[in-house]
Number of protein chains: 2
Amino acid sequence: MTSQELFGQIGAKRSFLCVGLDTDLKKVPPHLLGDEDPLFAFNRAIIDATAPFCVAYKPNLAFYEAAGLKGWGALVKTVRYLRENYPEQFIIADAKRGDIGNTSQMYARVFFQEMDFDAVTLSPYMGSDTAEPFYAYAGKWAVLLALTSNASAQDFETLRLENGERLYERVLKSSMHWGTEDNTMYVVGATRAEELERVRVIVPDHFLLVPGVGAQGGSLEEVAKFGMNSRCGLLVNSSRGIIYASSGRDFAEAAATAARELQGQMAALLAGRGM
Amino acid sequence: MTSQELFGQIGAKRSFLCVGLDTDLKKVPPHLLGDEDPLFAFNRAIIDATAPFCVAYKPNLAFYEAAGLKGWGALVKTVRYLRENYPEQFIIADAKRGDIGNTSQMYARVFFQEMDFDAVTLSPYMGSDTAEPFYAYAGKWAVLLALTSNASAQDFETLRLENGERLYERVLKSSMHWGTEDNTMYVVGATRAEELERVRVIVPDHFLLVPGVGAQGGSLEEVAKFGMNSRCGLLVNSSRGIIYASSGRDFAEAAATAARELQGQMAALLAGRGM
């Protein structure tokens, strides 16, 4: 998917919501546990309920790997289900991989060729080798960690370098030349909305994937205020706040309600910027 | 496994070799492709042939994920085979994961509880949250990337901070307080042997996992010279140089020969240090 197509979806849906599929067998409503594949049954119901209100889905791979072979199977089925039924959705593998060239090549093949994700999250620590093989796939994206929403982001990401830059700023400045605005996004946490302003100075035109709204305490208004560019340029992720909005038989309806509420706020924010 | 037990193995085997199981279906000898599970058949033969000469195995997860469900199954079987037949071997999941707390918890459960690996490699970019959940498992290890062997390690890992330290030095100094010498190792590439000296000043007693000997051009002598401590403190990994030493029917014998040769050099280096 090109950035133009993604922006087209945002405009059509009046939403820049990404639904995080952190699907945990321990949190799947009890009535689904008798299903042949409870993880997939849960995801399918969540997707059917929320698809009108979002433009992207982000399965978090840890949750599927934790379920072993069946988890991996559920992940494959989820991506296929999205592709077949909601081809307009942007699908992100939240994998946070990062390895040397020959290994990154294998991961690129897994996520882009075997499973047909649109994008993969990557940790930049090891440098450009990490991302390069992902750029070989036309229409696919690398989503690089820049400034994350967790407390210990300050351990290294915000360290000052000898020229006064912070590490995450250098990550942005270096990596923006690895790819283009049509194949590179950055993860910037919503819990650090004021720093989005600094990020936008460096990468004014890139899409940002923003986790941390909701459960982690970030504010959507702040994110839009500091992070939105003239093409929107944001995908804001919510996971637990949507998919676990209810733990009962009404989980899908509750997820739809939570997603619709965020979509409504997003529509207003887009309108406020004349989009 | 405790560091004392690991050192006991190194002393008994006269080896600090780790065999990297980067098992690629495209490189498995043709006569194995008819097997029900070629990846596992290959691994089992490699393990049986090399176990006398090494103390650790390191499956690289990308290679198994690239083979989809069957790959994941082969990985599970490989770990189980090692546990049942070679319980003295230290098993490292080369996964380079790194995520926020609740996700890291899932990964810790996958690798330590579901699959019974001894250790997992982690990328430190997101800080201590990344590693903490792994320390909750007694006898298990976090192996943190410090200074890797790839060319683009210089993009960020060797950047100078405002106090003159390099980023990887700060990673060592901060993270050495997250765990202990009994649950934390560091990845330091063999292609930067001279920098091992600087690493040893900061973490004199930790085990180092050293990739890059062989295919990537690192020298075992240099690694031992600058990286060995009084308890050895090294696991030196070789992947392609051992497992793909031959692509024919004699692949296992060729792997044994390559592993035995490295073990012989390691025995001499240990003896030279009075171990």
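Everything quoted here is computed from the prediction, not taken from an experiment.

Rules and cut-offs
Residues numbered from 1 in each chain as written. Chains lettered and ligands numbered in written order. Predicted model: local features only at pLDDT ≥ 70, side-chain atom pairs only at ≥ 80, totals over all residues. Heavy atoms only, no water. Phe/Tyr/Trp six-rings, centres within 6.5 Å; stacked < 30°, edge-to-face > 60°. Helix = DSSP H or I, 4+ residues; strand = E, 2+ residues; numbered from the N terminus. Buried < 20%, exposed > 50% of the residue type's maximum accessible area, 1.4 Å probe, protein only. Patch = residues over 30% accessible without salt bridge, like charges linked within 9 Å, V, L, I, M, F, W, Y side chains within 5 Å. Areas by Shrake-Rupley, 256 points an atom, 1.4 Å probe, with all protein chains shown as cover. Salt bridge = Lys/Arg side-chain N within 4 Å of Asp/Glu carboxyl O. Lys, Arg positive; Asp, Glu negative; His and termini not counted. Charge placed at Lys NZ, Arg CZ, Asp CG, Glu CD. Contact = heavy atoms within 4.5 Å. Polar contact = N/O pair within 3.5 Å; in protein donor to acceptor, adjacent residues only side chain to side chain. Least-squares fit on C-alpha atoms with pLDDT ≥ 70 in both. Pairing = 2+ DSSP bridges. Right-handed = clockwise from strand over helix to strand, strands pointing away.

*Asks:* What exactly am I supposed to notice about the packing of aromatic side chains here?
*Replies:* Two aromatic rings, taken as a pair, are described by how far apart their centres are and by the angle between their planes. What the rule picks out here adds up to 23 aromatic pairs over all chains. Between Phe40(A) and Tyr81(A), the aromatic rings sit 5.8 Å apart at their centres with planes inclined by 80 degrees, giving edge-to-face as the arrangement. Taken together, the residues span a long stretch of sequence, with Phe40(A) in helix H2 (residues 38-50) and Tyr81(A) in helix H4 (residues 68-85) at a distance of 41 residues. In terms of burial, Phe40(A) and Tyr81(A) fall into one category: buried. Relative to Phe251(B), the ring of Phe42(B) lies with its centre 5.0 Å away and its plane at 10 degrees, an arrangement referred to as stacked. One end of the pair, Phe42(B), is in helix H2 (residues 38-50); the other, Phe251(B), is in helix H11 (residues 251-272), and 209 residues separate them in sequence.

*Asks:* Would you take a moment to explain a negative patch on the surface for this structure?
*Replies:* Residues Glu5(A), Glu181(A), Asp182(A) and Asp205(A) make up a contiguous surface patch of negative charge. By relative accessible area, which is 36% here, Asp182(A) ends up partly exposed.

*Asks:* What am I meant to see in helix H9 (residues 220-227) of chain B here?
*Replies:* Given 3.6 residues per turn, any residue in an α-helix points the same way as the ones three and four places further on. Residues and elements named next belong to chain B. Residues Leu220, Val223, Ala224, Phe226 and Gly227 constitute the buried set of H9. Packing partners of the buried residues in H9 comprise helix H8 (193-202), strand E7 (207-210), strand E8 (234-238) and H11. Between the side-chain oxygen of the N-cap and the backbone nitrogen of Glu221 there are 3.3 Å, and the N-cap of H9 in question is Ser219.

*Asks:* Hey, could you run me through the relation of the copies chain B and chain A in this one?
*Replies:* The two copies are related by a screw motion: chain B maps onto chain A through a turn of 180 degrees and a shift of 0.0 Å along the axis, at an RMSD of 0.0 Å. Taken together, the rotation angle and the small translation identify this as a two-fold axis. When the interface residues of chain B are mapped onto chain A, 100% of them are again interface residues, pointing to one common binding face.

*Asks:* Which parts of the structure should I look at to understand the pairing of strand E3 (residues 90-97) of chain A?
*Replies:* Where a strand is regular, its side chains alternate between the two sheet faces. Residues and elements named next belong to chain A. Judged by how many residues are buried, E3 sits mostly within the fold: 8 of 8 residues are covered. Sheet topology note: the strand E2 (residues 56-59)/E3 ladder contains 2 bridges and is parallel. By the bridge assignment, Tyr57 is partnered in E3 with Ile91. The sheet contact formed by E3 and strand E4 (residues 119-122) spans 3 bridges and is parallel. In the sheet register, Ile92 faces E4, and the bridge partner there is Ala119. The β-α-β motif built from E3, the intervening helix H5 (residues 101-114) and the parallel element E4 has right-handed crossover chirality.

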